[in-house]
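Breakdown of the fold
Here is how the chains run, residue by residue.
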Amino acid sequence: MTRAAQRTTVASHPTAERSSRGRGLVAALALVETQGVAGTTIEQVRDSAGISIGSLYHHFGNRDGLVAGLYNDLLARYRAAIIAELGSREDARAL
């Protein structure tokens, strides 16, 4: 999955724009893409997402939890896309 596809996948999540968790994930992905994981701080995610630090800590616990949440969210969507593609084919070997 390309980075643009990952960004679209997370951003298109039905609750991404409505929930503070979703907005945090969208902001984290954008920052990680440009600054890398090591260069991204939880304060930057908070500022970019426009949510409170308490909300981020509530949903993710800490910075490592935020990174793990982002990874898990992307992996789940990637798996769902693969399963949907395989389900639309009669023979998976034909892919």
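Here the structure is a predicted model, which means the values were calculated and not measured.

Thresholds, definitions, all that
- Residues numbered from 1 in each chain as written.
- Predicted model: local features only at pLDDT ≥ 70, side-chain atom pairs only at ≥ 80, totals over all residues.
- Heavy atoms only, no water.
- Helix = DSSP H or I, 4+ residues; strand = E, 2+ residues; numbered from the N terminus.
- Buried < 20%, exposed > 50% of the residue type's maximum accessible area, 1.4 Å probe, protein only.
- Contact = heavy atoms within 4.5 Å.
- pLDDT = per-residue confidence, 0-100.
- Axes fitted to C-alpha atoms, helices over the stretch in contact; angles between N-to-C directions.
- Parallel < 35°, antiparallel > 145°, perpendicular 65-115°, else oblique.
- Left-handed = near helix turned anticlockwise from the far one by under 90°.
- Nonpolar A, V, L, I, M, F, W, Y, C, P; charged D, E, K, R; others polar.
- Expected span 1.5 Å × (residues − 1).
- 1 Å grid on protein atoms, 1.4 Å probe; cavity = no way out; pocket = protein on both sides within 12 Å on 5 of 7 lines; lining within 4 Å.
- Points joined across faces, edges and corners; volume = space filled by probe spheres on them.

So, on to the overall build of the protein. Counting its secondary structure elements, the protein contains five helices and zero strands. N-terminal to C-terminal, the α/β element order of the protein is α-α-α-α-α. Here the protein holds 95 residues, and the buried ones make up 26% of them. The long-range share in the protein, meaning contacts at least 24 apart out of those at least 6 apart in sequence, stands at 44%.

As a note on interpretation, predicted positions should not be read in detail where pLDDT is low. Mean pLDDT over the protein works out to 84, with 79% of the residues at or above the 70 mark. Within the model, pLDDT remains below 50 along residues 1–9, and this stretch shows nine contacts once partners closer than five positions in the same chain are excluded.

Another aspect to go through is the packing of helix 2 (residues 20–35) against helix 3 (residues 42–49). At a minimum axis distance of 8 Å, the contact between helix 2 and helix 3 shows a crossing angle of 120°. Our classification of the angle between helix 2 and helix 3 gives oblique. Both helix 2 and helix 3 take part in a crossing whose hand is right-handed. Between helix 2 and helix 3, the residues in contact are Arg23, Gly24, Ala27, Ala28, Leu31 and Gln35 and Gln44, Val45, Ser48 and Ala49, respectively. Among the residues forming the contact of helix 2 with helix 3, the class breakdown is five nonpolar, four polar and one charged.

On to helix 2, then. Its 16 residues give helix 2 an end-to-end C-alpha distance of 22 Å, which sits within 8% of 22 Å, the value for a rise of 1.5 Å per residue. Where helix 2 terminates, the next one or two residues include glycine 36, which has phi positive at roughly 80°.

Summed over the entire model, instances satisfying the criterion amount to one cavity of 30 Å³ or more. What the largest cavity holds in volume is close to 50 Å³. Considering the residues around the largest cavity, the lining is formed by Ala28, Val32, Val37, Thr40, Thr41, Ile42, Val45, Arg63, Leu66, Val67 and Leu70. Breaking the lining of the largest cavity down by element, the ones donating at least two residues are helix 2, helix 3 and helix 5 (63–87). For the lining of the largest cavity, the element with the most residues is helix 5, which contributes four residues. A per-class count over the lining of the largest cavity returns eight nonpolar, two polar and one charged.

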